[in-house]
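The residues making up each chain are set out below.
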Amino acid sequence: MKKLLVVLFAFLLVCTSSFAEFMITPGLGFSNFSTTVRPKDIDNTYTKVSYNSMALGLDVAYLMDSGLSFYFNNNVSFLTSGKVKLHTPLLSIDTKILKSKGAFWDAELLAGWTFRDLAPNLRISILGGLGLGYGSVTPTQVSIEGFKFDISSVEQIKTSFFSVGFAIHFNVQYYFTDLVGIGLSITEISGYGKAGMKDVPKDQIKGGFANAFNLKLGPTFKF
């Protein structure tokens with residue numbers, strides 16, 4: 001056991017020393033999540049869901065001397081308002097979600113490059129990798145054709161979301177000192193998503209395209 005701990009400690013020491021910098025960037029900003037829900041056995045029928053919300057994020061990055069960079073990002077979006085479009089062969093209904101309760105979490109594991117020599121104290125990173133997301137939401141107030149409806153007592157409309165896809169991340173950081181700066185980041189995940197509703201069997205809903213977008217601004221710290 002002691003030998004195993006020594007080997008593990010040595011491995012962590014080598015991994016840590018191979019990175020030039022370690023960075024943490026908390027952020028606050030705008031988020032959008034959208035997906036398409038399709039019934040399994042009904043043709044030409046779908047529901048498009050799109051939510052705009054405030055996002056809280058925490059990006060953790062390891063930068064090597066060469067510029068090679070690795071990021072692990074986490075974001076939580078509080079789903080408050082959005083829109084739903086129900087399309088069937090007979091009709092199409094647009095619904096605005098005025099109020100809702102719920103949250104969407106997404107995370108990205110990224111690798112890419114950081115450019116440090118473009119200007120003094122300025123850094124630009126471009127990365128790509130795997131993105132995952134999960135969330136649930138319950139609308140409480142909607143608007144249809146200008147008429148508002150309180151649906152807070154309808155538990156069956158609670159919807160959960162899952163998504164997986166390719167993530168692209170771009171950020172710009174400017175450092176005021178050697179250790180403290182400010183960062184602006186854009187992340188987009190496009191891929192496969194699936195939604196589920198309470199009391200609806202999961203095998204009755206098909207998956208489809210899903211997209212998550214985050215725009216964040218916040219301080220950044222180097223170690």
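This text gives an overview of the structure that appears in the document.

### Notes on the overall build of the protein chain
A count of helical and extended segments in the protein chain gives one helix and 10 strands. Reading the helices (α) and strands (β) of the protein chain from amino to carboxyl end gives α-β-β-β-β-β-β-β-β-β-β. Surface accessibility of the protein chain: about 12800 Å² in total, with carbon and sulfur atoms responsible for 69%.

### Some thoughts on the pairing of strand β7 (residues 159-175)
As judged from the 16 bridges shared by strand β5 (residues 122-144) and β7, these two strands associate in the antiparallel manner. Paired with Leu122 across the two strands is Tyr174, which belongs to β7. Here β7 runs beside strand β8 (residues 180-197); their pairing, made up of 17 bridges, is antiparallel. Across the sheet, the residue bridging to Phe166 is Ser190, located in β8. As consecutive antiparallel partners, β7 and β8 are separated by four residues.

### Some remarks on the environment of Ser31
Along the chain, the position of Ser31 falls in strand β1 (residues 21-39). Separated by 23 residues in sequence, Ser31 and Met54 have C-alpha atoms that sit 5.8 Å apart. Setting aside its immediate chain neighbours within four residues, Ser31 contacts Tyr51, Asn52, Ser53, Ala55, Ser77, Phe213 and Asn214. A polar side-chain atom of Ser31 sits 3.2 Å from a polar atom in the side chain of Asn214.

### Description of the pairing of β8
Note: β8 against strand β10 (residues 208-222), 14 bridges, orientation antiparallel. Its bridge partner lying in β10, Gly181 is registered against Thr220.

### Focus on the nonpolar core
Across soluble globular proteins, nonpolar side chains show a tendency to be buried alongside one another. Met23, Tyr51, Tyr71, Phe104 and Phe161 are the most contacted members of the largest nonpolar core, which has 21 residues in total. It is strand β2 (residues 46-63) that contributes the most residues to this core, four residues altogether. The residues touching Tyr51, leaving out its near neighbours within four places in the chain, are Ser31, Asn32, Phe33, Leu79, Thr80, Ser81, Gly82, Ile97, Ser100, Val137 and Pro139.

### Some points on the packing of aromatic side chains
Within this structure, the stated rule accounts for six aromatic pairs. On the basis of an interplanar angle of 40° and a centroid distance of 5.8 Å, the ring pair of Phe22 and Phe223 is categorised as tilted. Taken together, the residues Phe22 in strand β1 and Phe223 in the segment after β10 connect sequence positions 201 residues apart. Residue classification places Phe223 among the exposed positions, given a relative accessible area of 60%. Here Lys222 stacks its cationic end above the ring of Tyr175, 4.6 Å away from the centre of that ring.

### Considerations on the environment of Thr80
For Thr80, the location among the structural elements is in strand β3 (residues 68-87). Judged by its relative accessible area of 40%, Thr80 falls in the partly exposed class. As for Thr80 and Leu98, which are separated by 18 residues in sequence, their C-alpha atoms are 7.3 Å apart. Those residues within four positions of Thr80 in sequence are excluded, and the remaining contacts are Tyr51, Asn52, Ser53, Ile97, Leu98, Lys99 and Ser100.

Quick notes on the rules
- Residues numbered from 1 in each chain as written.
- Predicted model: local features only at pLDDT ≥ 70, side-chain atom pairs only at ≥ 80, totals over all residues.
- Heavy atoms only, no water.
- Helix = DSSP H or I, 4+ residues; strand = E, 2+ residues; numbered from the N terminus.
- Areas by Shrake-Rupley, 256 points an atom, 1.4 Å probe, with all protein chains shown as cover.
- Pairing = 2+ DSSP bridges.
- Contact = heavy atoms within 4.5 Å.
- Polar contact = N/O pair within 3.5 Å; in protein donor to acceptor, adjacent residues only side chain to side chain.
- Core = buried A, V, L, I, M, F, W, Y, C linked by side-chain atoms within 4.5 Å.
- Buried < 20%, exposed > 50% of the residue type's maximum accessible area, 1.4 Å probe, protein only.
- Phe/Tyr/Trp six-rings, centres within 6.5 Å; stacked < 30°, edge-to-face > 60°.
- Lys NZ or Arg CZ within 6 Å of the ring centre and 35° of its normal.

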